[in-house]
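Survey of secondary and tertiary structure
So you can see what is in the structure, the chains are spelled out below.
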Amino acid sequence: MNYWGGGKEYPQPQNERIKAGLNYLKETDIDIALLQEFKPEKYTLLNEGEPPFYISEELEDYMIYFRPLPEKGRGWGSAIVLKKDLKIQKKYSFTNVYEGSPALMCFDISLTDEKTLTVINAYGANASNPFNKSKFCSTTMHNILSDITPMVHKKYRKNPFIMLAGDFNVSTQWDELYNDPAHKLVFDRIADLGLINCTEKEYGKHVQTHIHSRSKVPWQDDYIFVTEPLQAVLTNCKVHDKEAVRHFSDHLPVEIQLTL
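These notes cover the structure that comes with them.

Calculation rules
Residues numbered from 1 in each chain as written. Predicted model: local features only at pLDDT ≥ 70, side-chain atom pairs only at ≥ 80, totals over all residues. Heavy atoms only, no water. Helix = DSSP H or I, 4+ residues; strand = E, 2+ residues; numbered from the N terminus. Buried < 20%, exposed > 50% of the residue type's maximum accessible area, 1.4 Å probe, protein only. Contact = heavy atoms within 4.5 Å. Areas by Shrake-Rupley, 256 points an atom, 1.4 Å probe, with all protein chains shown as cover. Polar contact = N/O pair within 3.5 Å; in protein donor to acceptor, adjacent residues only side chain to side chain. Core = buried A, V, L, I, M, F, W, Y, C linked by side-chain atoms within 4.5 Å. Pairing = 2+ DSSP bridges. Axes fitted to C-alpha atoms, helices over the stretch in contact; angles between N-to-C directions.

A word on the overall build of the protein chain
Helices and strands together make up the secondary structure of the protein chain, namely seven helices and 13 strands. The burial tally for the protein chain puts 53% of its 260 residues in the buried class. Restricting the contact set of the protein chain to residue pairs at least 6 apart, pairs at least 24 apart contribute 65%. Surface accessibility of the protein chain: about 12200 Å² in total, with carbon and sulfur atoms responsible for 49%.

Rendered as structure tokens:
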């Protein structure tokens, strides 16, 4: 899995950066990608329901399912990108019970007749996002976790193969820097759900995924968490820290490989 957001400090137009990111995704031969702060160049309405989903086929051999955030001006949102041979079994609808719902996408994807992978794309909107009325970075993630708890909790989940990933905009590095455990509480809740941090297993406590030039802290904002049955078949986890990536995003893609 990999994903990236759109930076604001690049000379290229946004649509060129998006094309470069999509081309990189295809070259990497990713099966499923979860994207945040993303906007396809061409897309059409897929359903009239709530939430509204849009679809784009601008990337050869892939389908892009897009959900815009309820913001004026930016036009970006979250996306789940699938190879065309992968079939969606179910699209979950979260009817904005919690404030985090607009930044949440969740699909069941059929892998075989017996196996289904649940992918959850979570965007932890920071204080600058208009729909995040609390103005705290951690509140959107807390609300998202409340939305998905009945589906994900280790004692109640129906599917053993669940993955939660995205740009959470939280890090325990913040807690260490400002002596405030606010972000740790998010990760405590994720651990309580029975989800395992893939990058922590591979790299240790933190690995840099955010590369904003105005920040002196090597922040990790981007994560992939999996259930224990998925962790058992995890063969690789890596952060794509390449010059090519740094030209189209201020986030570094995170990828895992699973033998399912």
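Things to note about unusual backbone geometry
Residues apart from glycine generally show negative phi values, whereas peptide bonds are mostly found in trans. Notably, aspartate 29 is not glycine yet its phi reads approximately 60°, a positive angle. Checked against the element boundaries, aspartate 29 lands in the loop between helix 1 (14-28) and strand 1 (32-38). For aspartate 29, a relative accessible area of 48% corresponds to the partly exposed category. We note that glutamate 37 has phi near 50°; this positive angle belongs to a residue other than glycine.

A few points about the environment of serine 56
By the secondary structure assignment, serine 56 is in strand 3 (residues 54-56). In this structure serine 56 comes out as buried when scored by relative accessible area, which is 2%. In this structure the C-alpha to C-alpha distance between serine 56 and leucine 45, which are 11 residues apart in sequence, comes to 9.1 Å. Apart from residues no more than four positions distant in its own chain, serine 56 is found in contact with Pro40, Lys42, Tyr43, Tyr62, Met63 and Ile64. At 3.0 Å, the side chain of serine 56 and the side chain of glutamate 58 are in polar contact.

Side note on the nonpolar core
Ranked by size, the top nonpolar core spans 31 residues in total, and within it Ile32, Ile80, Phe107, Val119, Met163 and Ile224 carry the most contacts. Ranked by the residues each element gives to this core, the list is headed by strand 7 (residues 104-110), at three residues. Among all residues touching phenylalanine 107, those that are not within four sequence positions of it are Phe53, Tyr65, Ile80, Ile88, Lys90, Lys91, Tyr92, Leu117, Thr118 and Val119. Counting 28 residues, the second-largest nonpolar core is a separate cluster that includes Ala122, Met141, Leu145 and Leu195.

Let's talk about the sheet that holds strand 5 (residues 77-83)
Strand order in the open sheet formed by five strands is 1-5-4-3-2, with antiparallel pairing between adjacent strands. Strands at the two margins of the open sheet, each flanked by one partner only, are strand 1 and strand 2 (44-45). For strand 4 (residues 62-68) and strand 5, the ladder comprises seven bridges, and the chain directions are antiparallel. Across the sheet, the residue bridging to isoleucine 64 is valine 81, located in strand 5. Here helix 1 sits on the sheet and contacts strand 1 and strand 4; the angle it forms with strand 1, its principal contact strand, is near 165°.

Some points on the sheet that holds strand 9 (residues 162-167)
Overall, mixed pairing links the six strands, which are arranged 6-7-8-9-11-10 in an open sheet. Because the sheet does not close on itself, it has two edges, and the strands there are strand 6 (87-91) and strand 10 (196-197). Here seven bridges tie strand 7 to strand 8 (residues 116-122), and the two strands are oriented antiparallel to one another. When the bridges of strand 8 are listed, serine 110 appears paired with threonine 116. In the packing of helix 2 (residues 137-152) onto the sheet, contacts are made with strand 7, strand 8 and strand 9, and the angle to strand 8 comes to roughly 165°.

Honestly, that's just the spatial picture; any functional story needs more than this.
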